[in-house]
Amino acid sequence: MEKLKMHSPNLTQENIARIRELFPDCVTEGQGEGGQLRLAVDFDQLRQELSESIVEGPQERYHLNWPGKREALLTANAPIARTLRPCREESVYFDTTKNLFIEGDNLEALKLLQETYLGKVKMIYIDPPYNTGNDFIYEDDFAENAKEFLIRSNQKDEEGNRLIANTEANGRFHSDWLSMIYPRLRLARNLLRDDGLIFISIDDGEVHNLRKVLDEIFGEQNFVAVNVWKKSYGGGAKSKHVIVLHEYVMMYAKCKDNLGTIVLPPDDGVLKYYKFKDEKFNFRGPYRKQPLATNSMDERPNLRFPIKWRGLEIWPEKQWQWSKKRVDNALEQDELVFTQKKGGWTVDYKQYLKDEDGQIRGSKMFSICEGPYTQAGTGEINEMFGNGKIFSFPKPSKLIKHFVQITSSNDVILDFFAGSSPTAHAVMQLNAEDGGNRRFIMAQLPELCDEKSEAFKANYKNIAEISKERIRRSGKKILEGECHEGWKKDIGFRVLKIDSSNMTDVYYKPDAIEQGQLKLYSDNIKPDRKPEDLLFQVLLDWGVDLSLPIRKETIQGKTVFFVNEPPYDLVACFDTSVNEDLVKELARFEPLRVVFRDTGFVSDAVKINVEQIFKQLSPGTEVKSI
């Protein structure tokens, strides 16, 4: 029976496989460190294939480079032997919610999500450290090869020690920040849908470097906009030269060709203009009047003609916006408004709130965001916690909601620098307003709070605790307000904590165990791990959605997990002494996948017969063990 690998994917091998698809003759097989065969690139042959465009040696070229870039790329691709362990006691509505909160290093979180959420995320918003000279950044160990990284990642470590101060005195000030952000953005791009978008908040300190990094990872052709956010309305007493009132939100697409038109629902400032009604009101709603004439200096004779109405001929001062055919059609449909004014007549066209299909008309996004101001973010923290100093400089949830509006009802939104989780707040608020059922995935390192901080005094030991509590409190507050009748009111979240693998070292390094030690490792699962821990590592390894409903049932005295509704995505039993009767009963459910503990069968004969039983009773089921 085939075993699950139980570690994140090796992206280097996957990249080589993609090269093989394009250039089969450039990929061969080579021996890995343990003697096993692995894919390897014949670089001499690949250079020959690309001989017209290859760049090699000291030849000058335009690109972004910094000390540590190659190591950062290796780190992005290296697999890790980590897992996500469910924490029911810190979750809200664990069994029914579709939202996730991942506690741990976001680089590891992104690696763990590669199988399950590859190409499934519509939108990513992040607010990373700005590199102001006072920030902490993630310290990634670049001095290891992929194998060492994999082994180390299976050991316990103190997450709070993953952060280091990046002061301006550091000789690698910009390089360290780039090495931190680069692998995370590479992994994040994989998770986006083909029509997905990423939004990144940044200030003047690294905006130039970030733009170049994003151009490299996403491609210049997928740049959408640099949104300028006016974050404050004054102040600046500490400013020495210029009072800076803005920050930026960078916007890139996974593939801009797949985007279509980006529209936002009209806000209150726009809706107030839709104040007129006619006989089409029931289907198309109210309308606003828009001038049909234009002052364009671009002379187009075909747009200059008289409109004949009630025996009159009405000419534009310069020209109309529409062709004669379109004007005649609007006139026939009673969609023009004529108003007599001093010196003649004006013509307006009716712009209805809803289009011909009855859908509310959206508006295009502006590249300048006039507020909400930073004070609004602090105000939200103060309102929920009674102390605005619990978390410093949070982004206002309304700012993030402005961008989340580009998503649709069931989309997935990811924030892997969650902070105090204003993104989760924004997603729930928007769902409550428009009846959507968007899902969020938050990831946050349990960064330790300074013992002198207001957060620590309020009994919050780390930032992740603040983040989770903010989601709990904002969810309750949203339910107290007016909610759309179509919203499922999902204000819950599953807490999943990154930890070392559930599997002992013998699972990953069987050759390193001496013969005399084999009895000590007869079970390759760590003794402190629970069945639900094993279930979530299997979900990760198999790429099954981590938010699917999970039901636990006792069958023939054994605990069995059923994931999703019939036909089940996964059926799992990690108990021991599993016999053929239980195997046959599980096969009758005809799940897509089934998994057992490798040492969990009552005898070797039963273990050997499992695959045959499923081939007979449920041939479509994939059978594996751990």
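One structure accompanies this document, and this report is about it. (Residues numbered from 1 in each chain as written. Predicted model: local features only at pLDDT ≥ 70, side-chain atom pairs only at ≥ 80, totals over all residues. Heavy atoms only, no water.)

1. So, helix α11 (residues 374-385)
One turn of the α-helix equals 3.6 residues, which is why residues spaced by three or four share an orientation.
Thought 1: Here α11 is twelve residues long and its end C-alpha atoms lie 17 Å apart, about the 16 Å a rise of 1.5 Å per residue gives.
Thought 2: Taken as a whole, α11 has its buried residues at Gly 377, Glu 380, Ile 381, Met 384 and Phe 385. Buried residues along α11 cover an arc of 105 degrees about the axis, so they all sit on one side.
Thought 3: Elements in contact with the buried residues of α11: α12 (397-404), α13 (422-434) and α15 (463-480).
Thought 4: Just downstream of α11 lies Gly 386, where phi reads positive at about 75 degrees. (Helix = DSSP H or I, 4+ residues; strand = E, 2+ residues; numbered from the N terminus. Expected span 1.5 Å × (residues − 1). Buried < 20%, exposed > 50% of the residue type's maximum accessible area, 1.4 Å probe, protein only. Arc of directions from axis to C-beta. Contact = heavy atoms within 4.5 Å.)

2. Quick look at empty space enclosed by the protein
Where empty space is left becomes clear once a probe the size of a water molecule has been rolled over the atoms.
Thought 1: Evaluated as defined, the whole model comprises one cavity of 30 Å³ or more.
Thought 2: Space inside the largest cavity adds up to approximately 90 Å³.
Thought 3: Residue lining of the largest cavity: Met 6, His 7, Ser 8, Pro 9, Arg 82, Lys 111, Leu 112, Glu 115, Gln 537, Leu 540 and Asp 541, and that is the complete set.
Thought 4: When residues of the lining of the largest cavity are traced back to their parent elements, those giving at least two are α4 (106-112) and α17 (531-542).
Thought 5: In terms of residue count, α17 provides more of the lining of the largest cavity than any other element does, three residues in total.
Thought 6: For the lining of the largest cavity, the residue count by class is four nonpolar, three polar and four charged. (1 Å grid on protein atoms, 1.4 Å probe; cavity = no way out; pocket = protein on both sides within 12 Å on 5 of 7 lines; lining within 4 Å. Points joined across faces, edges and corners; volume = space filled by probe spheres on them. Nonpolar A, V, L, I, M, F, W, Y, C, P; charged D, E, K, R; others polar.)

3. Section: the nonpolar core
Nonpolar side chains tend to gather and get buried jointly when the protein is soluble and globular.
Thought 1: Within the largest apolar cluster, 72 residues are counted, with the highest numbers of intra-cluster contacts made by Leu 185, Leu 546 and Ile 626.
Thought 2: A per-element tally of this core places helix α6 (residues 173-191) first, with nine residues.
Thought 3: Excluding anything up to four places from it in sequence, Leu 185 contacts Ile 126, Ile 198, Ile 200, Leu 210, Val 213, Leu 214 and Ile 217.
Thought 4: Counting 39 residues, the second-largest nonpolar core is a separate cluster that includes Val 249, Ile 400, Ile 478 and Val 495. (Core = buried A, V, L, I, M, F, W, Y, C linked by side-chain atoms within 4.5 Å.)

4. Looking at the sheet that holds strand β24 (residues 550-555)
Thought 1: The strand order across the open sheet built from five strands is β24-β25-β26-β27-β28, with neighbouring strands paired in mixed fashion. The sheet terminates laterally at β24 and β28 (622-625), the two strands that pair on one side only. Neighbour-to-neighbour, the strand axes of the sheet open up by a mean angle of 20 degrees, direction not taken into account.
Thought 2: As paired strands, strand β26 (residues 570-573) and strand β27 (residues 593-596) are joined by three bridges and run parallel to one another. Pairing of Cys 573 across the sheet is with Phe 596, part of β27. (Pairing = 2+ DSSP bridges. Axes fitted to C-alpha atoms, helices over the stretch in contact; angles between N-to-C directions.)

5. A closer look at the pairing of strand β8 (residues 192-202)
Thought 1: Along β8, eight of the eleven residues are buried, which leaves the element largely enclosed by surrounding structure.
Thought 2: As paired elements, strand β5 (residues 121-126) and β8 share five bridges and run parallel to each other. The residue of β8 that forms the bridge with Ile 124 is Ile 198.

6. As for the packing of aromatic side chains
Thought 1: Per the stated rule, a full pass over the model turns up 19 aromatic pairs.
Thought 2: Measuring from centroid to centroid gives 6.2 Å for Phe 94 and Phe 536, while their planes differ by 65 degrees, and the two rings are edge-to-face. Highlighted residues: Phe 94 in the loop between β3 (82-86) and β4 (100-103) and Phe 536 in helix α17, separated in sequence by 442 residues. We note that Phe 94, like Phe 536, is buried. (Phe/Tyr/Trp six-rings, centres within 6.5 Å; stacked < 30°, edge-to-face > 60°.)

7. What to know about the pairing of β5
Thought 1: With six of six residues buried, β5 lies mostly within the body of the structure.
Thought 2: Summarising the sheet, β5 and strand β21 (residues 412-415) pair through two bridges and their orientation is parallel. Each bridged residue has a counterpart across the sheet, and for Ile 124 the counterpart in β21 is Leu 414.

8. Some details on the packing of α12 against α13
Thought 1: Contact pair α12 / α13: the axes reach a minimum separation of 8 Å and the direction vectors enclose 60 degrees. Looking at the two axes, α12 sits oblique to α13. Considering how the two elements wind past one another, α12 and α13 form a crossing that is right-handed. Across the interface between the two elements, Ser 397, Ile 400, Lys 401 and Val 404 from α12 touch Pro 422, Thr 423, His 425, Ala 426, Val 427, Gln 429, Leu 430 and Glu 433 from α13. (Parallel < 35°, antiparallel > 145°, perpendicular 65-115°, else oblique. Left-handed = near helix turned anticlockwise from the far one by under 90°.)

9. A closer look at unusual backbone geometry
Thought 1: Going from Gly 371 to Pro 372, the amide bond is cis rather than trans, its omega being 0 degrees.
Thought 2: Residue position: Pro 372 is located in the loop between β20 (368-370) and α11.
Thought 3: Its identity is not glycine, yet Asp 334 carries a phi of approximately 55 degrees, on the positive side.
Thought 4: Residue placement: Asp 334 occurs in the loop between α10 (324-332) and β17 (336-341).
Thought 5: Backbone geometry at Lys 489 places phi at a positive 60 degrees, although glycine is not the residue there.
Thought 6: One can find Lys 489 in the loop between α15 and β23 (494-500).
Thought 7: Residue classification places Lys 489 among the partly exposed positions, given a relative accessible area of 47%.

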